[in-house]
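Take a look at the letters that make up each chain.
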Amino acid sequence: MYTLYYSPGTASMVVHLALLETGAPHELKLVDIDAQAQRDPAYLALNPRGVVPTLVVDGKPYAESAALLMLLAERHPEAKLAPPPGTPGRAAWLQWIVYLSNTLMSTYRLWFYPSELGGERHTPEVRAALRHKIEAVWELLDAHLAAHGPYLLGAEFSGADLLLTMLMRWSRNMPRPATEWPALRQLADLVRARPSWKRLYEVEGLGEW
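About the cut-offs
- Residues numbered from 1 in each chain as written.
- Predicted model: local features only at pLDDT ≥ 70, side-chain atom pairs only at ≥ 80, totals over all residues.
- Heavy atoms only, no water.
- Phe/Tyr/Trp six-rings, centres within 6.5 Å; stacked < 30°, edge-to-face > 60°.
- Helix = DSSP H or I, 4+ residues; strand = E, 2+ residues; numbered from the N terminus.
- Lys NZ or Arg CZ within 6 Å of the ring centre and 35° of its normal.
- Contact = heavy atoms within 4.5 Å.
- Buried < 20%, exposed > 50% of the residue type's maximum accessible area, 1.4 Å probe, protein only.
- Core = buried A, V, L, I, M, F, W, Y, C linked by side-chain atoms within 4.5 Å.
- Pairing = 2+ DSSP bridges.
- Right-handed = clockwise from strand over helix to strand, strands pointing away.
- Expected span 1.5 Å × (residues − 1).
- Bend = angle between axes of the 7 residues up to and from the residue.
- Axes fitted to C-alpha atoms, helices over the stretch in contact; angles between N-to-C directions.
- Parallel < 35°, antiparallel > 145°, perpendicular 65-115°, else oblique.
- Left-handed = near helix turned anticlockwise from the far one by under 90°.

Asks: Help me understand the packing of aromatic side chains in this model?
Replies: The description of an aromatic ring pair rests on the distance of the ring centres and on the angle between the ring planes. Applying the stated criterion across every chain, the model contains seven aromatic pairs. Centroid distance Trp 96 to Tyr 99: 5.8 Å. Interplanar angle 80°. Geometry classified as edge-to-face. Here the residue Trp 96 and the residue Tyr 99 both occupy positions in helix H4 (residues 88-112), the gap between them amounting to three residues, near one helical turn. Here a set of aromatic residues connected by ring pairs shows up, and it is made of Tyr 108, Phe 112 and Trp 170. The aromatic ring of Tyr 113 is capped on one face by Arg 109, whose charged end is 4.3 Å from the ring centroid. When the ring centre of Phe 157 is taken as origin, the NZ or CZ atom of Arg 194, which lies over that ring, is 3.6 Å away.

Laid out in structure tokens, this is it:
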């Protein structure tokens, strides 16, 4: 039994999707970010950074959504969230997970939280630079998918596609959403058609893409 501390539509989304893909028994604990529940001492005891997600595995709490995705893929190989260790596909999978985490997730943090760059809001120059960095990732990924897709690893779905589609969803209110790139949109449509995505929307009460 896993316990996932989550907030709807946040970085916990990919971990919830992975749990649904594996079919592993789990329980969900809502962290109400609007009510600052992530700053509650009881939650900080689990996650000192005060962020979501936190996944309790065998009685111990762990954080970082990309790492938790990798952990679940390793613990549940039958779900085929990752290619087997030692295969070329595994090397590519690890590459994409780390790339998405290091580039998109870290840049999104600065896009959504201007205070981390020292101000209440971005200057036009900073906002343009962050937008350019994010859109450059979409360009690279769209070209890769157009040549080698429809999934990041080619013909086969993997957990990396869950991570990418979650990150694409975060762009929905940006000046140019990720779905304006055709190969990215095709991948998003494939992932959004999966039972895990539909079930997550029901459980988390999400209504918009």
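Back to the write-up after that little detour.
Asks: Would you take a moment to explain the environment of Tyr 5 for this structure?
Replies: In this fold, Tyr 5 is placed in strand S1 (residues 2-6). Not counting residues within four places of it along the chain, the set of residues in contact with Tyr 5 comprises Ser 12, Lys 29, Val 31, Tyr 43, Leu 46, Val 52, Pro 53, Thr 54 and Val 56.

Asks: Can you walk me through helix H1 (residues 12-22) in this structure?
Replies: Every α-helix carries 3.6 residues per turn, so stepping three or four residues along brings you back to the same face. Taking burial as the measure, the eleven residues of H1 include ten buried ones, the bulk of the element. Summarising the contacts, the buried residues of H1 are in contact with S1, strand S2 (26-30), strand S3 (54-57), helix H3 (65-75), helix H6 (159-169) and helix H8 (195-204). In the stretch just after H1, Gly 23 is the one whose phi turns positive, near 75°.

Asks: Any chance you could explain the nonpolar core here in plain terms?
Replies: Counting residues in hydrophobic clusters, the biggest one holds 58 residues, and the most contacted among them are Leu 55, Trp 138, Leu 141, Leu 163, Leu 164, Leu 167 and Leu 184. For Trp 138, the residues in contact, after removing those within four places along its chain, are Leu 104, Tyr 108, Leu 164, Leu 167, Met 168, Ser 171, Ala 178, Trp 181 and Leu 184. In terms of nonpolar packing, the next biggest core, distinct from the first, is built from five residues, Tyr 5, Tyr 43, Val 52 and Val 56 among them.

Asks: For this particular structure, what's the right way to read the pairing of S2?
Replies: The two faces of a sheet get side chains in turn, since along a regular strand they alternate between them. Pairing of S1 with S2, which is carried by five bridges, proceeds in the parallel orientation. Each residue of the ladder has a partner; that of Tyr 6, found in S2, is Leu 30. Of the crossover connections in this fold, the one passing from S1 over H1 to the parallel S2 is right-handed.

Asks: Quick question: what am I supposed to make of H4 here?
Replies: Helix length check: H4 (25 residues) gives 35 Å between terminal C-alpha atoms against 36 Å at 1.5 Å per residue, within 8%. The largest bend in H4 amounts to roughly 25° and is located at Ser 101. Considered for burial, the residues of H4 that qualify are Arg 90, Trp 93, Trp 96, Ile 97, Leu 100, Thr 103, Leu 104, Met 105, Thr 107, Tyr 108 and Trp 111. Residues of H4 that are buried in the fold lie against H3, helix H5 (124-148) and H6.

Asks: Would you mind going over the sheet that holds S3 with me for this structure?
Replies: Strands belonging to one sheet form pairs held by backbone hydrogen bonds; the direction of such a pair is parallel or antiparallel. The sheet built from four strands is open, its strands ordered S2-S1-S3-S4 with mixed pairing. The two strands at the open ends of the sheet, each matched to only one other strand, are S2 and strand S4 (60-63). Taken pair by pair, the neighbouring strands of this sheet meet at an average axis angle of 25°, ignoring direction. Relative to S3, S1 is paired through three bridges, and the arrangement is antiparallel. Each bridged residue has a counterpart across the sheet, and for Leu 4 the counterpart in S3 is Leu 55.

Asks: What should I look at first to understand the packing of H4 against H5 in this one?
Replies: The geometry of a pair of packed helices is captured by two quantities: the angle between their axes and the separation between those axes. In contact at an axis separation of 9 Å, H4 and H5 are set at 155° when each is read in the N-to-C sense. Considered as vectors, H4 and H5 are oriented roughly antiparallel to each other. H4 and H5 meet at a crossing whose hand is left-handed. Contact with H4, carried on its side by Trp 96, Tyr 99, Leu 100, Thr 103, Leu 104, Thr 107, Tyr 108, Leu 110 and Trp 111, involves Arg 127, Leu 130, Arg 131, Lys 133, Ile 134, Val 137, Trp 138, Leu 140, Leu 141 and His 144 of H5 and no other residues of that element.

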